[in-house]
Amino acid sequence: MSLIVHPAGRDDELRLALEDQRMDRYDCARQLLLRTGPNWTLRTFRSQVLAVGAAGNSAIDSWYAEDPHDPNALMMRGRVLTQRALNAHRDGLSGQRLISAVETARSACKAAAESWPDDPVPYVCFLALAQTDIDPRVPHSQMHWWKPRDKMMPPGPWRLLDWVNERDPYNREAYHRMLQVLHARGRGGLDFAQWVTTFAPEGSPLRLLPLYAFVESYRLRLEHRQTASVIAFWSTADKAYYARQGRDGWFKHTNPHSCSLLDLNYLAYGLTATGEGNSGEVFEAIGPYVTTAPWTLVTPNPQWWKSDFLSARSRAQEVAGGRR
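Parameters at a glance
Residues numbered from 1 in each chain as written. Predicted model: local features only at pLDDT ≥ 70, side-chain atom pairs only at ≥ 80, totals over all residues. Heavy atoms only, no water. Helix = DSSP H or I, 4+ residues; strand = E, 2+ residues; numbered from the N terminus. Rg over C-alpha atoms; globule rule 2.2 N^0.38 Å. Buried < 20%, exposed > 50% of the residue type's maximum accessible area, 1.4 Å probe, protein only. Contact = heavy atoms within 4.5 Å. Areas by Shrake-Rupley, 256 points an atom, 1.4 Å probe, with all protein chains shown as cover. Lys, Arg positive; Asp, Glu negative; His and termini not counted. Charge placed at Lys NZ, Arg CZ, Asp CG, Glu CD. Expected span 1.5 Å × (residues − 1). Polar contact = N/O pair within 3.5 Å; in protein donor to acceptor, adjacent residues only side chain to side chain. Phe/Tyr/Trp six-rings, centres within 6.5 Å; stacked < 30°, edge-to-face > 60°.

(A) Geometry of the overall build of the chain. If you tally the helices and strands in the chain, you get 16 helices and zero strands. Its C-alpha radius of gyration of 20 Å places the chain within 12% of the 20 Å reference for a compact globule of 324 residues. With the principal axes as the frame, the chain shows a C-alpha extent of 60 × 45 × 35 Å. Looking at the 324 residues of the chain, the share that counts as buried comes to 50%. Across the chain, contacts joining residues at least 24 apart in sequence account for 64% of those joining residues at least 6 apart. For the chain, the computed accessible surface area is about 15400 Å², with 51% contributed by carbon and sulfur atoms. Distance between charge centres in the chain, computed from 38 positive and 35 negative side chains, equals 5 Å.

Below, the structure written as structure tokens:
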């Protein structure tokens, strides 16, 4: 079985919209979002993937210029400007130029929120933009440094997270954006992820957040050459516990053919790396649609990631076959 790496995964309609965008056309994206409607989970996912693909071309700019009152065009404009600001931040843009890019994106997201007040996506974008605001000495916005109700957590964009929850409780991307903010600031990421699992409902992908936090911690150790053994890092009781929680509290209660492929890949890796095992069904759900993360993040050489994935899948299938 050959591996397929594509941002749309098994979403064929999204795949067509992305191909259309690459030619600076937007009609497929427009039709796709009309069909998606107020399915917030699908709308959040599809709009994020579309925005990443459109950040480097003018498809969404043309859509907005053609129909500046369309709520979907307004939302996608906010999405794309947010993605461009994040890209610029990763590329080293700072100071007033970065703040200007962030404020332009925030203004577009505000217009989208006013156009469709129930839509959580503009508020998810507000959270994403907080990733650029990492120095408390020169804050971009007070909203990015809100004091939490739980005094164990650090200051952060908690009010923005509340705004998303008011529209779409337990929105997957919103909590991941919050985790990314805390990771960017170097404080509180794992505590946040573990805290979320204490109230995330059964079947929620938020049960997997600690696995994302552990992967980021391991990635940083690899980057700074602070860990020599993958086994020494992953074979601990707490990591095994959260791998089990992801399997038993999320995977066993969800439709594996409609959930996030990234979540499936993180769970497959977590079960494998911790030695918890029983990952055969997870690899079966992944099928050929592998994601590069977390595999490229947890190997000393990113070029090895496909071999690592195939090896882990082969072992899982052998174990699953032996039980039949």
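(B) Region of interest: helix 5 (residues 71-90). Taking 1.5 Å of rise per residue, the 20 residues of helix 5 would be expected to cover 28 Å, and the 29 Å separating its terminal C-alpha atoms lies within 8% of that figure. Across the 20 residues of helix 5, 14 count as buried, placing the element largely inside the fold. With a side-chain oxygen positioned 2.9 Å from the backbone nitrogen of asparagine 72, the residue opening helix 5 is aspartate 70. Two residues or fewer after helix 5 comes glycine 92, characterised by a positive phi angle close to 105 degrees.

(C) Molecular detail of unusual backbone geometry. Between alanine 293 and the following residue, proline 294, the backbone shows a cis peptide bond with an omega angle of 5 degrees. Structurally, proline 294 is set in the loop between helix 15 (280-286) and helix 16 (305-323). We note that tyrosine 170 has phi near 65 degrees; this positive angle belongs to a residue other than glycine. In this fold, tyrosine 170 is placed in the loop between helix 8 (158-167) and helix 9 (172-185). For tyrosine 170, a relative accessible area of 33% gives the class partly exposed. The backbone of asparagine 278 shows a phi angle near 55 degrees, a positive value even though the residue is not glycine. For asparagine 278, the location among the structural elements is in the loop between helix 14 (261-273) and helix 15. Accessibility expressed as a relative area gives 40% for asparagine 278, which makes it partly exposed.

(D) Quick peek at the packing of aromatic side chains. According to the stated counting rule, one finds 23 aromatic pairs in the structure shown. Residues tryptophan 158 and phenylalanine 192 carry aromatic rings whose centres are separated by 5.8 Å and whose planes lie at 65 degrees to one another, so their mutual orientation is edge-to-face. Of the two residues, tryptophan 158 is situated in helix 8 and phenylalanine 192 in helix 10 (residues 189-196); the sequence distance between them amounts to 34 residues. Centre to centre, the rings of tyrosine 212 and tyrosine 266 are 3.7 Å apart; their planes meet at 15 degrees, and the pair counts as stacked.

(E) Representation of the environment of tyrosine 242 in the model. Residue position: tyrosine 242 is located in helix 13 (residues 237-249). As a C-alpha pair, tyrosine 242 and valine 124 span 118 residues in sequence and 25 Å in three-dimensional space. The contact partners of tyrosine 242, leaving out residues within four places of it in the chain, are Gln194, Thr197, Pro210, Leu211 and Phe214.

Note that every value here comes from positions in space, so none of it alone points to a role or purpose.
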